[in-house]
Amino acid sequence: MRSTTTGPLIRTAGAVALVGAALLPGLIAALPLAFNGAQHTLSALGRATMPEGATASLGWGVALLTAAVLPFVAIPVSLFIARARHLPRDRTVRVCAVAVLVCSLVSCLVAAVSAGV
């Protein structure tokens, strides 16, 4: 007879895979957001030059850098909030994955908008 329960290692691997899959869009968007954000920020501070026709904006540069790190900050914040509310472990992982996915998609949206700037 086979047992239908899963071990803690299988559950942990599934949780990591779920959060990792939710983080993929954020990983894809992080590089262009970080590069463009740094370029705008440094240009506004006078430490770098922008391509011809582009204008530097400190606020836009900081917004791009913030969008780049948003999915990575969402992981510990959502885990902390879910554990503080005493949610079960499975629900905590699902809440974390949804929060990371939403933040990753927001980062992708900001990266798409910033591509034309």
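The preceding data block contains the structure.
Presented here is an overview of the structure given in this document. (Residues numbered from 1 in each chain as written. Predicted model: local features only at pLDDT ≥ 70, side-chain atom pairs only at ≥ 80, totals over all residues. Heavy atoms only, no water.)

So, about the nonpolar core. Note that soluble globular proteins tend to have their nonpolar side chains buried in a common cluster. By size, the foremost hydrophobic cluster in this structure holds 10 residues: Ala 15, Val 19, Ala 22, Leu 23, Ala 74, Val 93, Cys 96, Ala 97, Val 100 and Cys 103. Put simply, the parts of the chain that give this core at least two residues each are α1 (8–44) and α3 (89–114). Tallying contributions element by element places α3 first for this core, with 5 residues. In this view, Ala 74 contacts Ala 99, Val 100 and Cys 103; residues no more than four positions away in its chain are not counted. Leu 64, Ala 67, Ala 68 and Ala 111 belong to the second largest nonpolar core, which has 6 residues in total. (Core = buried A, V, L, I, M, F, W, Y, C linked by side-chain atoms within 4.5 Å. Buried < 20%, exposed > 50% of the residue type's maximum accessible area, 1.4 Å probe, protein only. Helix = DSSP H or I, 4+ residues; strand = E, 2+ residues; numbered from the N terminus. Contact = heavy atoms within 4.5 Å.)

Now for a nonpolar patch on the surface. On the surface, Leu 24, Leu 27, Val 69, Phe 72, Val 73, Val 77, Phe 80 and Ile 81 cluster together to form a nonpolar patch covering roughly 730 Å² of accessible area. No other element matches helix α2 (residues 58–84), which puts 6 residues into the nonpolar patch. Relative to the assigned elements, Val 69 resides in helix α2. (Patch = residues over 30% accessible without salt bridge, like charges linked within 9 Å, V, L, I, M, F, W, Y side chains within 5 Å. Areas by Shrake-Rupley, 256 points an atom, 1.4 Å probe, with all protein chains shown as cover. Salt bridge = Lys/Arg side-chain N within 4 Å of Asp/Glu carboxyl O.)

For α3, built from 26 residues, the straight-helix expectation of 38 Å at 1.5 Å per residue is met to within 8% by its first-to-last C-alpha distance of 37 Å. Where α3 is concerned, the buried positions are Thr 92, Val 93, Cys 96, Ala 97, Val 100, Cys 103, Ser 104, Ser 107, Ala 111 and Ser 114. (Expected span 1.5 Å × (residues − 1).)

The interhelical angle for the contact between α2 and α3, taken along N-to-C directions, is 175 degrees, at an axis separation of 8 Å. As the angle between them shows, α2 and α3 are arranged roughly antiparallel. Counted by class, the contact of α2 with α3 contains 17 nonpolar, 5 polar and 2 charged residues. (Axes fitted to C-alpha atoms, helices over the stretch in contact; angles between N-to-C directions. Parallel < 35°, antiparallel > 145°, perpendicular 65-115°, else oblique. Nonpolar A, V, L, I, M, F, W, Y, C, P; charged D, E, K, R; others polar.)

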